[in-house]
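As a plain string of letters, each chain reads:
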Amino acid sequence: HASQEQVATDHRSTEVDMPSYSFKTAATAVVSGIKMQNAAAGECVKVVVRCRPLFGKEIREARNQIVDCDVRRGEVRIANPKTPEDPPKQFTFDGVYDHTSTQKEIFEGCALPIVRAAIEGYNGTIFCYGQTGTG
């Protein structure tokens, strides 16, 4: 079980230039870099993100939801609350889970195939990174 405090980097994820509204704090609950070696599929890396809902302090401060997830298309859009007229920053991932996703859905969609492959003798790594307490 990988610690959420570990750091994952990927060329497709980037930080949004907004004070206290970075991509990491606003959108990243769990980013899983999934690497699986398989004789049929070769070696592949998948990057999956789970976007969290607003939490207590953000709700009390009447902050707006600035993260929009398109689960079907694997896209996350982040709006700058200081300049709402600007187009949102858009990021594409191999998979996206929004704030309604359950731990079970994420496990079954991301981890279970790798666990099964590992049991069959293949190499597999699940690397998770996220803000503590977000999932």
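Quick caveat: nothing in here was measured; it's all calculated off a predicted structure.

1. Looking at the overall build of the protein chain
For the protein chain, the count of helices and strands is three helices and seven strands. Counting from the amino terminus, the protein chain carries its helices and strands in the arrangement α-β-β-α-β-β-β-β-α-β. Looking at the protein chain as a whole, 37% of its 135 residues are labelled buried. As displayed, the protein chain has an accessible area near 8500 Å², and 51% of this comes from carbon and sulfur atoms.

2. Here we look at the environment of Val49
Mapped onto the elements, Val49 comes out in strand 2 (residues 42-50). Taking C-alpha positions, Val49 is 8.5 Å from Asp94, a pair spaced 45 residues apart along the chain.

3. Observations regarding the pattern of salt bridges
Per the counting criterion, the structure on display carries six salt bridges. Between Arg52 and Glu58 there is a salt bridge, with its nearest N and O atoms 2.9 Å apart. For Arg52, a relative accessible area of 10% puts it in the buried group. Among the ionic pairs, Glu75 bridges to Arg77, the shortest N-O distance being 3.2 Å. The same class applies to Glu75 and to Arg77, which are both buried.

4. Looking at the sheet that holds strand 3 (residues 67-70)
The strand order across the open sheet built from three strands is 3-4-5, with neighbouring strands paired in antiparallel fashion. For this open sheet the edge positions go to strand 3 and strand 5 (89-92), each flanked by a neighbour on one side alone. In this sheet, adjacent strand axes meet at a mean angle of 20° when their direction is disregarded. Pairing of strand 3 with strand 4 (residues 75-78), which is carried by four bridges, proceeds in the antiparallel orientation. Pairing of Asp70 across the sheet is with Glu75, part of strand 4.

5. A closer look at unusual backbone geometry
Even without a glycine there, the phi angle at Ala62 is positive, about 55°. Position of Ala62 relative to the elements: it lies in the loop between helix 2 (56-60) and strand 3.

6. Quick word on the state of the cysteines
Working definition: the covalent bond between the sulfur atoms of two cysteines is a disulfide. Tallied over the entire structure, the rule returns zero disulfides. Free cysteine Cys51: the closest other cysteine sulfur is in Cys69, separated by 3.2 Å. Considering cysteine sulfurs only, Cys128 is the nearest to Cys110, which forms no disulfide, with 8.4 Å between them.

7. As for the side chain of Glu58
Its location among the elements puts Glu58 in helix 2. A polar side-chain atom of Glu58 sits 2.8 Å from the main-chain amide nitrogen of Phe55. Apart from the residues within four sequence positions on either side, Glu58 is in contact with Arg52, Pro53 and Arg63.

8. Let's talk about the confidence of the model for the protein chain
One rule of thumb: low pLDDT means the predicted coordinates there are not for detailed reading. Mean pLDDT over the protein chain stands at 74; residues scoring 70 or higher make up 65%. By mean pLDDT, the top-scoring element of the protein chain is strand 5 (97), and the lowest-scoring one is strand 1 (residues 30-38) (37). Overall, residues 1-42 carries pLDDT values under 50, and its contacts beyond four positions in sequence, including any with other chains, amount to 125 contacts.

9. A word on helix 3 (residues 103-119)
Ala111 marks where helix 3 bends most, by close to 50°; the proline Pro113 follows one to four residues later. Taken together, the buried positions of helix 3 are Ile106, Cys110, Ala111, Leu112, Ile114 and Ala117.

Conventions adopted
Residues numbered from 1 in each chain as written. Predicted model: local features only at pLDDT ≥ 70, side-chain atom pairs only at ≥ 80, totals over all residues. Heavy atoms only, no water. Helix = DSSP H or I, 4+ residues; strand = E, 2+ residues; numbered from the N terminus. Buried < 20%, exposed > 50% of the residue type's maximum accessible area, 1.4 Å probe, protein only. Areas by Shrake-Rupley, 256 points an atom, 1.4 Å probe, with all protein chains shown as cover. Salt bridge = Lys/Arg side-chain N within 4 Å of Asp/Glu carboxyl O. Pairing = 2+ DSSP bridges. Axes fitted to C-alpha atoms, helices over the stretch in contact; angles between N-to-C directions. Disulfide = S-S within 2.5 Å. Polar contact = N/O pair within 3.5 Å; in protein donor to acceptor, adjacent residues only side chain to side chain. Contact = heavy atoms within 4.5 Å. pLDDT = per-residue confidence, 0-100. Bend = angle between axes of the 7 residues up to and from the residue.

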